[in-house]
Protein chains: 2
Amino acid sequence: MSIFSEDALIQHYFTQAANSPFALGLQDDAACMAIPNGFELVITCDTLVEGVHFFVSDPAATIAQKALRVNLSDLAAKGAQPYGFVLSLAMPVECFDPAWLAPFSAALCADAQYFNCPLLGGDTVKTLGPFTITITAFGLVPQGKMVKRTTAKAGDILYVSGTIGDAALGLKLHPHPAFEPRRTIPQPRVELAPILQHYATAALDISDGFAGDCMKMLAFAGAGLTIACEDVPLSTAAREMVMQDSQLWPTILAGGDDYELLFTIAPQHEAEFLAVAKQLPCGVQRLGVLLAGAPVQFTLHTTPLALTRMSYSHL
Amino acid sequence: MSIFSEDALIQHYFTQAANSPFALGLQDDAACMAIPNGFELVITCDTLVEGVHFFVSDPAATIAQKALRVNLSDLAAKGAQPYGFVLSLAMPVECFDPAWLAPFSAALCADAQYFNCPLLGGDTVKTLGPFTITITAFGLVPQGKMVKRTTAKAGDILYVSGTIGDAALGLKLHPHPAFEPRRTIPQPRVELAPILQHYATAALDISDGFAGDCMKMLAFAGAGLTIACEDVPLSTAAREMVMQDSQLWPTILAGGDDYELLFTIAPQHEAEFLAVAKQLPCGVQRLGVLLAGAPVQFTLHTTPLALTRMSYSHL
């Protein structure tokens, strides 16, 4: 079926990304990882399916980048420093082709090096269906310092990194040159991780939709807030587009695939947090104070905005 | 598309298997794992695809068991004690059905408890293709004690656990009542793990085929041996069948899915190893001494056996 055996394929395309003693040169059936004393391992897992999470026509390179980066985004939200990952590829026959595998593995290697997150192992199998890629990624946090999704409290202040909506607009208006970069290549906010570890009371990364992920996090706080659409940070392109067509707000707020970080800061730490966060290129936007018992609502020009759905549903 | 949101589905079907503080009640985007001082984490990953690794008609319960157990088999080969796993499910619409999910999750929970290997997290997505399940499993070994695939040496003695060929005969003769149990539900030799950790110079689990996996391990030793088919341990049913039809030997030797352990013992530790191993219900079979520079060959009634392939190819 293929010009490669599984072992030969792994050695040829993937050992370059496996620049870690834990990977054992990808020659064994398992990786062997040491954890520094005083640290814990944060573990996250995300699967991308062709036709669901990316287009069949997307370049092999951006598929590899998205698969790793959505996991790095989860690690960043938990305040964790990337430490390595394992990769499962379920590949249709047409992917067993150097023209596909070479750019896929080159992009994966480049990202593994750039984010200092080596490949440690994995599995390669054939599938009779769509290309399916699962990455389990590992990050380090000092003991007890993982930032949880469930620990926001009334009185905390809600913040979001970067800008919202470009990826969802990129999907809705596909292909649109202004939004393709964010749709295809998420930018995990790894630079925020150490800051969240110090200052955040809770955090998650926005994958399913800004509105829905706000609700998910704040449900645990028993608190909510009213977010003015005018306060939602947008790219210049998204702002211009939604100024012309306010019907795009639901796409921006509930479309998902943003991979920005949503987090809460206790009021007594806000000044110190802002002094540090101001230096970040991605920027952070204050959305408001959490009120006990309040719902999560959005307003546009002070009028409540009715959203028929809050996020993308995987099921 | 479904009566469940992703969160509701996870809470309903999978929290029971997540009986570990590391899993954080499956309410976060990540697990947070502590590793005891002096130990290392062994990490393995296996993917099963419907139509490739199991039949569409296989029961949901045995699919769950196979997915976890093939990973536990890898951990056992590395001498590691199960410590937890993460689960990725790419599910076609028809699997979002209590009639399918209930037996799947019940079997997974039962195995997680039986093998003391809790579910720590994962991902659930829809697919337009075949059901695809990826498990990344974690095991503990004392520092430096992971048993490698690559460290056998000439002079070591080759051993195999249990019996070979039932799963491959089960696939070839499907459905055959004598072989269905081993085809559908692997028996990971977790009881061998601590013994291998003490005595084995190298080990792997036989997933692709006994002959091919022998060659894989012994290639690193620069050594080989001649294995008499008469010394290959078989179940009673397999022995009766191959006595009637010797054409079944290639299926037995190269068919794979055995999940027995293949390992080498240094001669000076063999007596001590045997004293311990004798107490195991699965049994171990001595296959011979590794000779430097020799090939791996099989004989039947002292005549060399020509195998056109050595193992199942995934690609």
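As shown above, the structure is provided for reference.
Residues numbered from 1 in each chain as written. Chains lettered and ligands numbered in written order. Predicted model: local features only at pLDDT ≥ 70, side-chain atom pairs only at ≥ 80, totals over all residues. Heavy atoms only, no water.

**Q** Quick rundown of the interface of chain A and chain B? Include the residues and the values.
**A** It is common to give the size of an interface as the accessible area lost on bringing the parts into contact. Each partner contributes residues to the interface: chain A has 62 residues there, and chain B has 62 residues. Between chain A and chain B, roughly 5,000 Å² of surface is buried when both sides are summed, and carbon and sulfur atoms account for 60% of that area. In this structure, the connection of chain A to chain B is made through 8 salt bridges. The residue A:Lys78 makes a salt bridge to B:Asp29 at a minimum N-O spacing of 3.6 Å. Every element with two or more residues in the side of chain A that touches chain B is listed here: helix H1 (6–14), strand S1 (31–33), strand S2 (39–49), strand S3 (81–91), strand S4 (119–126), strand S5 (132–142) and strand S7 (200–205) of chain A. The element contributing the most residues to the side of chain A that touches chain B is S2(A), with 9 residues. For S2(A) and strand S1 (residues 31–33) of chain B, the ladder comprises 3 bridges, and the chain directions are antiparallel. Within S1(B), the residue paired with A:Val42 across the bridge is B:Cys32. (Contact = heavy atoms within 4.5 Å. Buried area = accessible area lost by both parts, 1.4 Å probe. Salt bridge = Lys/Arg side-chain N within 4 Å of Asp/Glu carboxyl O. Helix = DSSP H or I, 4+ residues; strand = E, 2+ residues; numbered from the N terminus. Pairing = 2+ DSSP bridges.)

**Q** Describe in detail the environment of A:Pro175, supporting the description with residues and values.
**A** Relative to the elements of secondary structure, A:Pro175 occurs in the loop between helix H4 (166–172) and helix H5 (180–184). Residues A:Pro175 and A:Leu158, 17 residues apart in the sequence, show an inter-C-alpha distance of 33 Å.

**Q** Please set out the relation of the copies chain A and chain B residue by residue, giving values where relevant.
**A** Mapping chain A onto chain B leaves a residual RMSD of 0.0 Å; the transformation is a rotation of 180 degrees accompanied by 0.0 Å of translation along its axis. A rotation of that kind, with that shift, is consistent with a two-fold axis. When C-alpha positions in chain A are compared against the rotation axis, the closest is assigned to A:Gly129, at 2.3 Å. Interface overlap between copies is the fraction of interface residues in one copy that are interface residues in the other; for chain A against chain B it reaches 100%, indicating a shared surface. (Least-squares fit on C-alpha atoms with pLDDT ≥ 70 in both.)

**Q** I'd like to hear about the sheet that holds S2(A), residue by residue, with values.
**A** Across a sheet, strands are paired by hydrogen bonds formed along the backbone, either parallel or antiparallel in direction. Strand order in this open sheet of 5 strands is S4(A)-S3(A)-S5(A)-S2(A)-S1(B), and the pairing throughout is mixed. Every interior strand has two partners, whereas the edge strands, S4 of chain A together with S1 of chain B, have only one. Averaged over all neighbouring strand pairs, the angle between strand axes comes to 20 degrees, with direction disregarded. Packing against the sheet, H1(A) makes contact with S3 and S4 of chain A, and its axis sits at approximately 135 degrees to S4(A). (Axes fitted to C-alpha atoms, helices over the stretch in contact; angles between N-to-C directions.)

**Q** Break down the pairing of strand S3 (residues 81–91) of chain B for me, citing the residues and quoting the values.
**A** Residues and elements named next belong to chain B. Burial of S3 is extensive: 10 of the 11 residues sit out of reach of the surface. Sheet topology note: the S3/strand S5 (residues 132–142) ladder contains 9 bridges and is antiparallel. Residue pairing for S5: Ala 90 is matched across the bridge by Thr 132. Where S3 meets strand S4 (residues 119–126), 7 bridges bridge the pair, whose relative direction is parallel. Bridge pairing links Leu 89 to Thr 124 in S4. (Buried < 20%, exposed > 50% of the residue type's maximum accessible area, 1.4 Å probe, protein only.)

**Q** Describe the sheet that holds S7(A), and please don't skip the residues or the numbers.
**A** All names here are of chain A. Spatial strand order, S7-S10-S6-S11: 4 strands in an open sheet with antiparallel pairing. Either end of the sheet is taken by a strand with one partner, and the two such strands are S7 and strand S11 (284–289). Adjacent strand axes in the sheet meet at a mean angle of 20 degrees when their direction is disregarded. Bridge count between S7 and strand S10 (residues 261–265): 5 bridges; the pairing is antiparallel. In the strand pairing of S10, Ala 202 is matched with Thr 264.

**Q** Before we move on, can you summarise helix H1 (residues 6–14) of chain B with the specific residues and values?
**A** Residues and elements named next belong to chain B. Taken as a whole, H1 has its buried residues at Glu 6, Leu 9, Ile 10, Tyr 13 and Phe 14. The buried residues of H1 occupy an angular sector of 100 degrees when projected down its axis, which confines them to one face. Contact partners of the buried residues in H1: S3, helix H3 (98–114) and S4. (Arc of directions from axis to C-beta.)

**Q** If you had to explain the pattern of salt bridges to someone new, which residues and values would you point to?
**A** Following the criterion strictly, the structure yields 26 salt bridges over all chains and no others. Here A:Asp111 ties to A:Arg69 by a salt bridge, and the two come within 2.6 Å at their closest N and O atoms. Taken together, the positions of A:Asp111 in helix H3 (residues 98–114) and A:Arg69 in helix H2 (residues 60–77) put the pair 42 residues apart, joining distant regions of the chain. With a relative accessible area of 5%, A:Asp111 lands in the buried category. Owing to a relative accessible area of 8%, A:Arg69 belongs among the buried residues under this scheme. Between B:Asp29 and A:Arg149 there is a salt bridge; the shortest N-O distance is 2.7 Å. With one member in each of two chains, B:Asp29 in the loop between H1 and S1 and A:Arg149 in the loop between S5 and strand S6 (157–161) form a pair that bridges those chains.

**Q** Lay out the side chain of B:Ser235 with the relevant residues and their values.
**A** Structurally, the position occupied by B:Ser235 is in the loop between strand S9 (226–228) and helix H8 (236–244). Not counting residues within four places of it along the chain, the set of residues in contact with B:Ser235 comprises B:Thr163, B:Asp166 and B:Phe179.

**Q** Give me the packing of H1(A) against H3(A): which residues, what numbers.
**A** Residues and elements named next belong to chain A. Interaxial distance between H1 and H3 falls to 9 Å at its minimum, and their mutual angle equals 50 degrees. On the basis of their axis angle, the class for H1 and H3 is oblique. Contacts from Leu 9, Tyr 13 and Phe 14 in H1 reach Pro 98, Leu 101, Ala 102, Phe 104, Ser 105, Leu 108 and Cys 109 in H3. Of the residues belonging to the contact of H1 with H3, the class tally is 9 nonpolar, 1 polar and no charged. (Parallel < 35°, antiparallel > 145°, perpendicular 65-115°, else oblique. Nonpolar A, V, L, I, M, F, W, Y, C, P; charged D, E, K, R; others polar.)

**Q** Residue-level account of the environment of A:Asp46, with values.
**A** For A:Asp46, the location among the structural elements is in strand S2. Not counting residues up to four positions away in its chain, the partners in contact with A:Asp46 are A:Val70, A:Asn71, A:Asp74, A:Ile133, A:Thr134, A:Ile135 and B:Asp123.

**Q** Describe the packing of aromatic side chains, listing the residues and the values that go with them.
**A** Pairs of aromatic rings are described using the distance from one ring centre to the other and the angle between the two planes. A full pass over the atoms with the stated rule returns 25 aromatic pairs over all chains. Where A:Tyr114 meets A:Phe115, the ring centres are 4.8 Å apart and the plane angle is 90 degrees; that geometry is what we call edge-to-face. Residue classification places A:Tyr114 among the exposed residues on the basis of a relative accessible area of 65%. Where B:Tyr159 meets B:Phe263, the ring centres are 6.0 Å apart and the plane angle is 10 degrees; that geometry is what we call stacked. Residue B:Tyr159 is found in strand S6 (residues 157–161), and its partner B:Phe263 is found in strand S10 (residues 261–265); the two are separated by 104 residues along the sequence. No difference in accessibility class separates B:Tyr159 from B:Phe263, as the two residues are buried. The rings of A:Phe14, A:Phe54, A:Trp100, A:Phe104 and A:Phe131 are connected pair by pair, giving a single aromatic cluster. (Phe/Tyr/Trp six-rings, centres within 6.5 Å; stacked < 30°, edge-to-face > 60°.)

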